[in-house]
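So the chains spell out like this:
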Amino acid sequence: MEAKLIASYQAAKELYARHGIDTDEVLDRLAQVKVSMHCWQGDDVRGFLNRDQELTGGIAVTGNYPGAARTADELRQDLEKAFSLIPGKHKVNLHAIYADTDERVELNQLEPKHFANWVKWAKEHGLGLDFNPTCFSHEKSADGFTLSHPDPQIRQFWIDHCKASRKIGAYFGQELGQTCVTNVWVPDGFKDIPVDRLGPRRRLKESLDEIFAERLDPASHLDAVESKVFGIGSESYVVGSHEFYMGYGLQNNKLICLDAGHFHPTETISGKLSSLALFAEGILLHISRPVRWDSDHVVIMDDELLDIARELVRHDLLAKTHIGLDFFDASINRIAAWVIGMRNTLKALLRAMLEPTELLRQAELAKDYTTRLALLEEFKSYPYGAVWDYYCARQGVPVREAWLDEVKAYEQKVLSAREV
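In what follows, the accompanying structure is described.

Rules used throughout
- Residues numbered from 1 in each chain as written.
- Predicted model: local features only at pLDDT ≥ 70, side-chain atom pairs only at ≥ 80, totals over all residues.
- Heavy atoms only, no water.
- Helix = DSSP H or I, 4+ residues; strand = E, 2+ residues; numbered from the N terminus.
- Rg over C-alpha atoms; globule rule 2.2 N^0.38 Å.
- Buried < 20%, exposed > 50% of the residue type's maximum accessible area, 1.4 Å probe, protein only.
- Contact = heavy atoms within 4.5 Å.
- Areas by Shrake-Rupley, 256 points an atom, 1.4 Å probe, with all protein chains shown as cover.
- Core = buried A, V, L, I, M, F, W, Y, C linked by side-chain atoms within 4.5 Å.
- Salt bridge = Lys/Arg side-chain N within 4 Å of Asp/Glu carboxyl O.
- Pairing = 2+ DSSP bridges.
- Arc of directions from axis to C-beta.
- Phe/Tyr/Trp six-rings, centres within 6.5 Å; stacked < 30°, edge-to-face > 60°.
- Lys NZ or Arg CZ within 6 Å of the ring centre and 35° of its normal.
- Right-handed = clockwise from strand over helix to strand, strands pointing away.
- Polar contact = N/O pair within 3.5 Å; in protein donor to acceptor, adjacent residues only side chain to side chain.

**Some remarks on the overall build of the protein**
Thinking step 1. Within the protein, the secondary structure is distributed over 14 helices and 10 strands.
Thinking step 2. Its C-alpha atoms give the protein a radius of gyration of 22 Å, near enough to 22 Å, the size a compact globule of 420 residues would have.
Thinking step 3. Seen through its principal axes, the protein has C-alpha atoms that stretch 65 × 55 × 40 Å.
Thinking step 4. In the protein, which comprises 420 residues, the proportion classed as buried is 54%.
Thinking step 5. For the protein, restricting intrachain contacts to residue pairs at least 6 apart in sequence, the fraction spanning at least 24 positions comes to 80%.
Thinking step 6. By element, 49% of the accessible surface of the protein is carried by carbon and sulfur atoms, the whole surface being about 18700 Å².

Structure representation (structure tokens):
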């Protein structure tokens with residue numbers, strides 16, 4: 001490790017210590033955080049079961065940057081490269097369409113064996129796996145409805161798919177010794193104003209009840225449900241609204257997923273965490289960056305990301321919160337997108353951990369709002385960057401923007417050789 005880097009860290013360590021913050025302890029704490037990196041950034045949400053299927057469900061990927069993964073092996077190779085540039089040990093979030101099999105299999109017939117290669121790979125690299133049923137980009141979702149579909153046969157197809165997905169998620173958890181979160185999201189909704197808002201929600205509730213009827217060991221598997229305020233093709237009404245899933249999740253002890261892009265354009269999720277934490281068994285976060293709608297831009301170090309991190313740290317919510325990323329940008333190098341998003345998320349958590357939370361809390365209780373504001377502002381310019389650089393070096397990953405050189409070299413050597 002470079003002497004200048006160590007010296008910068010020591011200077012920062014002494015500065016933070018004045019306020020009772022032990023940076024060594026903070027870095028040990030940060031190393032325990034696992035972020036679930038979404039596989040679908042690597043191939044633009046195409047998957048491997050039916051790559052010719054049009055992307056539907058209100059999902060849109062912009063750009064055609066060269067080098068998208070075409071096979072499971074290529075995707076795993078790209079994931080390995082990304083993780084080599086990200087400090088810590090983390091998880092990979094898979095969708096059902098990423099089954100790695102030569103067998104032609106329908107979604108409702110998927111089994112753990114179709115993901116055995118993923119489990120073998122995750123074991124080799126010390127990674128955890130999370131999972132999602134894929135209730136979109138399929139002929140049986142073409143009219144915009146799945147688990148709330150009025151046709152019982154189509155609805156049962158999706159119920160069976162979600163049941164199969166839970167078993168796959170439980171298999172992940174048992175094999176890897178890390179709890180797998182299986183998250184249910186469906187795109188169901190109307191483009192225009194419906195007459196019957198209750199009927200589809202009743203059907204969705206009944207479908208979920210059937211899906212979750214089998215109890216799975218929470219040590220290896222947890223269920224989550226995810227809402228959305230609107231989508232392309234469901235602008236006027238979404239069956240699985242926040243109110244619906246909040247009620248369902250609280251009543252049935254399911255993780256409630258808050259996706260940063262699934263609320264109103266000016267609404268943020270950071271302020272919801274403290275309320276939800278009082279009542280929910282756990283929380284699933286999908287960290288993204290919406291730009292005027294659920295546009296899934298690469299996560300940057302913006303105010304909302306910092307506020308999310310602060311809420312998690314200040315209220316000691318990391319133990320009950322499962323953090324995952326959810327964006328897809330094909331206008332830039334896909335591996336760089338992963339690295340930027342993951343490093344920013346971890347960096348935001350580090351910044352939150354380096355705040356004098358207890359001192360700020362005591363000032364607030366004493367109604368010393370002057371001290372609260374002054375310290376909050378001063379700590380914005382404290383040398384967290386020196387602590388981050390030291391952490392990256394200690395974790396054996398590139399410091400600062402040096403990772404970009406490795407991505408560009410990988411692009412020249414590997415990605416450019418892939419056929420468009």
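What follows picks up the thread again.
**Some details on the nonpolar core**
Thinking step 1. Counting residues in each nonpolar core, the largest one holds 122 residues, and the members touching the most others are Leu 94, Leu 147, Phe 172 and Leu 208.
Thinking step 2. No other element matches the 12 residues that helix H10 (residues 334-353) contributes to this core.
Thinking step 3. Those residues in contact with Leu 94 that lie beyond four places of it in its chain are Cys 39, Trp 40, Phe 115, Trp 118, Leu 129, Asp 130, Phe 131, Asn 132 and Phe 172.
Thinking step 4. Membership of the second largest hydrophobic core comes to five residues, among which are Val 181, Ala 224, Leu 255 and Cys 257.

**So, the pattern of salt bridges**
Thinking step 1. Inspection of every chain in the model, using the stated rule, returns 24 salt bridges.
Thinking step 2. In this structure, Glu 377 and Lys 380 form a salt bridge, with 2.8 Å as the shortest nitrogen-oxygen distance.
Thinking step 3. One network of salt bridges, with partners in common, ties together Arg 70, Glu 74, Asp 78 and Arg 418.

**Considering the pairing of strand S1 (residues 35-38)**
Thinking step 1. Side chains Val 35 and Met 37 of S1 all project onto a buried face; the interleaved residues Ser 36 and His 38 project onto the opposite face, where all are buried too.
Thinking step 2. Bridging between S1 and strand S10 (residues 321-325) involves two bridges; their strand directions are parallel. By the bridge assignment, Ser 36 is partnered in S10 with Gly 324.
Thinking step 3. Looking at chain direction, S1 and strand S2 (residues 91-95) are connected through three bridges and run parallel. The partner of Met 37 across the bridge, within S2, is Val 92.

**Some remarks on helix H4 (residues 116-125)**
Thinking step 1. Within H4, burial applies to Trp 118, Val 119, Trp 121 and Ala 122. The arc enclosing the buried residues of H4, seen along the axis, measures out at 165°, which places them on a common side. Those residues of H4 that are exposed and aimed more than 90 degrees away from the buried face are Lys 120 and Glu 124.
Thinking step 2. Each element contacted by the buried residues of H4 is listed here: helix H3 (72-83), S2, strand S3 (128-132) and helix H5 (152-176).
Thinking step 3. Of the residues flanking the end of H4, it is Gly 126, one or two places downstream, whose phi is positive at about 65°.

**Thoughts on the packing of aromatic side chains**
Thinking step 1. One pass over the structure, following the stated rule, counts 18 aromatic pairs.
Thinking step 2. Ring centres 3.8 Å apart and planes at 5° place the aromatic pair Tyr 9 and Tyr 390 in the stacked group. With Tyr 9 in helix H1 (residues 3-17) and Tyr 390 in helix H13 (residues 384-395), this residue pair connects regions lying 381 residues apart in the sequence.
Thinking step 3. Site record: aromatic cluster; members linked through ring pairs are Phe 115, Phe 131, Tyr 171 and Phe 172.
Thinking step 4. A cation over a ring is seen here: Arg 76 above Trp 118, with NZ or CZ 4.8 Å from the ring centre.
Thinking step 5. Taking NZ or CZ as reference, Lys 254 lies 4.5 Å from the ring centre of Phe 212, over its face.

**A few points about the pairing of S10**
Thinking step 1. Most of S10 sits out of view: four of its five residues are buried.
Thinking step 2. Taken together, the five bridges between strand S9 (residues 283-287) and S10 define a ladder with parallel strand orientation. If you follow Ile 287 over to S10, its bridge partner there is Leu 325.
Thinking step 3. In this region the chain leaves S9, passes through helix H9 (residues 303-314) and returns to the parallel neighbour S10; the handedness of that crossover is right-handed.

**Structural notes on helix H2 (residues 23-30)**
Thinking step 1. When we look at burial in H2, the residues that qualify are Thr 23, Val 26, Leu 27 and Leu 30. Each buried residue of H2 sits inside an arc of 95° when the element is viewed along its axis, so together they form one side.
Thinking step 2. On its buried side, H2 packs onto H1, H10 and H13.
Thinking step 3. Its side-chain oxygen at 3.0 Å from the backbone nitrogen of Asp 24, Asp 22 defines the N-terminal cap of H2.

**Regarding the side chain of His 38**
Thinking step 1. One can find His 38 in strand S1.
Thinking step 2. Since its relative accessible area comes to 0%, His 38 is described here as buried.
Thinking step 3. Of note is the side chain of His 38, whose polar atom sits 2.6 Å from the backbone oxygen of Phe 327.
Thinking step 4. Leaving out residues up to four positions away in the same chain, His 38 has contacts with Asn 93, Leu 325, Asp 326, Phe 327 and Trp 338.

In short, geometric facts, not functional conclusions.
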